[in-house]
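Secondary and tertiary structure notes
Okay, here's what each chain looks like letter by letter:
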Amino acid sequence: MLHVDEWTEVDRKRVLNDIISTMFNRKFMEELFKPQELYSKKALRTVYDRLAHASIMRLNQASMDKLYDLMTMAFKYQILLCPRPKDVLLITFNHLDAIKGFIQDSPAILHQVEETFRQLTEIYGALSAGEFQLIRQTLLIFFQDLHIRVSIFLKDRVQNSNGRFVLPVSGPVPWGTEVPGLIRMFNDKGKEVKKIEFKHGGHYVTAPKEGSFELYGDRVLKLGTNMYSMNRPVETHMSGASRNLASRTQESIAPNPLAKEELNFLARLMGGMEIKKPSGPEPGFRLNLFTTDEEEEQAALTRPEELSYEVLNIQATQDQQRNKELARIMGEFEVMDQPRQSASKGDDLLAMMDEL
C-alpha cells in the first residue's frame, strides 16, 4: 500500500478521473436533481464515503473524518460569506471550474461535468432572490451546529478559537447594492426629501461587476476557488463548545419513520456509483491526511463518538423490494470509457447498505 507522497502524476490523474467520473455519473446526477427533502448528515456522510472510495485510493476512519470535516467547514464558510443569495450558484460554478481544470485531457468526463453545469443553469438560473435565500438558509441550518476549527481558517483569522467564522467588514458589497453610509428619506409621493450620512465602521467598495453565469467566464467571486494557494498543513479540531453541543444534539439511534425512505433514497443515489478495488498485483493507494501514522491513530481515538456517524443497522438484504430496485439500477448503470464491473458489484452495494 503506497502513501500519497509515493504517488506518480499518472496515479494522481487516475484517482481524480475515477472520483470525478463517479461523482458526475448520469444516474447519480439524475437522483440529485430530483425534488426531495434535504437528507440527514448520516446520509451525506455515507454518500461522501462512497465517493471518496470510488477509486483505488483508500482512507482509514481518522483520515476520512478529517477530510469530511474539512469539506463541511469549507463549504459552510463559503455559504456563510457569500455576498448575496444568488452567489450560491457562483460558488458552485467555481467548484465546477476547478474540477474541469483537473480533467482537461479526459473529454468524456469533461462532458459529464459540463452537462451538470447545463442542468444547474436550467433548474436554478431563473430562481428569484427569495428562492435563493431559502436555499442558502436551508444550507446554513444544516451546518449550524458544526464548529470544527480548521488551521488554514485560524491562520487567516477568518475563524475564532471557538470554531465560529468571522464576518468581514471590508471588501466589495453585493452586486447591485450601494456602499453603506447613506440613509435616504422619501415622502408619500416617492420624492427624496432628506439624506443622512453615518459611519459604518468598515472599508467597503462597490462591486466591480457581476460574476458570469455562463459555462466559461469570470465568476468574480473568489469563494469556492482553491483555498490552498500555498502548501501548508491543515488540521481540524473540535472546540469544547462544539463537543458539548454535538453531545446534546446527537441523533437518536432509535429507528424513525423516515429511516426506510432515506434508505430507499440512498439505494437510488448510490446505484450510480462504483467502488474500484485493486486487482491482481496492482497496489492500492492509501491517503493519510496526517503528518504521521501515529497522529492519524491518535485522532481516531480522540474523536467524539457522536461525530463518528455510526448509523442504523438495517439489513437491506432482507428488503426484497429494495433489492429489486438496486438490481435494476445496477443493470442500467454505465460509465463512459470504463469496462462494466463483475456481478459482485451488486453484492458490494448491498453490503454497504447493510452497514446503515
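Above: the structure in question.
One structure accompanies this document, and this report is about it.

Pairing between side chains of opposite charge can happen when the charged atoms of each approach one another. Under the definition given, this model contains 14 salt bridges. Where K13 meets D105, a salt bridge forms, and the shortest distance between an N and an O atom there is 3.5 Å. With K13 in helix 1 (residues 9-23) and D105 in the loop between helix 5 (87-102) and helix 6 (107-124), this pair connects stretches of sequence that are 92 residues apart. E178 is paired through a salt bridge with R184; the nearest N and O atoms lie 3.2 Å apart. On the accessibility criterion, R184 (36% relative accessible area) is partly exposed. A single network of salt bridges, built from pairs that share partners, joins E178, R184, E192 and K195.

Moving on: the packing of helix 1 against helix 6. Contact geometry of helix 1 with helix 6 gives a least axis separation of 9 Å together with a crossing angle of 40°. It follows that helix 1 is oblique to helix 6 by the angle criterion. When the axes of helix 1 and helix 6 are compared, the crossing they make is left-handed. Two secondary-structure elements touch here, helix 1 through N17, I20 and S21 and helix 6 through I109, Q112 and V113. For the contact of helix 1 with helix 6, the per-class residue count stands at 3 nonpolar, 3 polar and no charged.

Core analysis: the largest hydrophobic core is formed by 42 residues, its most contacted members being F93 and F153. Counting residues per element, the ones that place at least two in this core are helix 2 (26-32), helix 3 (41-52), helix 4 (61-81), helix 5, helix 6, helix 7 (129-143), strand 2 (148-150) and helix 8 (151-155). Considering every element that reaches this core, the biggest residue donor is helix 5, with 7 residues. Contact partners of F93, with chain neighbours within four places excluded, come to F117, L120, T121, S212, F213 and R219.

Procedures and definitions
Residues numbered from 1 in each chain as written. Predicted model: local features only at pLDDT ≥ 70, side-chain atom pairs only at ≥ 80, totals over all residues. Heavy atoms only, no water. Salt bridge = Lys/Arg side-chain N within 4 Å of Asp/Glu carboxyl O. Helix = DSSP H or I, 4+ residues; strand = E, 2+ residues; numbered from the N terminus. Buried < 20%, exposed > 50% of the residue type's maximum accessible area, 1.4 Å probe, protein only. Axes fitted to C-alpha atoms, helices over the stretch in contact; angles between N-to-C directions. Parallel < 35°, antiparallel > 145°, perpendicular 65-115°, else oblique. Left-handed = near helix turned anticlockwise from the far one by under 90°. Contact = heavy atoms within 4.5 Å. Nonpolar A, V, L, I, M, F, W, Y, C, P; charged D, E, K, R; others polar. Core = buried A, V, L, I, M, F, W, Y, C linked by side-chain atoms within 4.5 Å.

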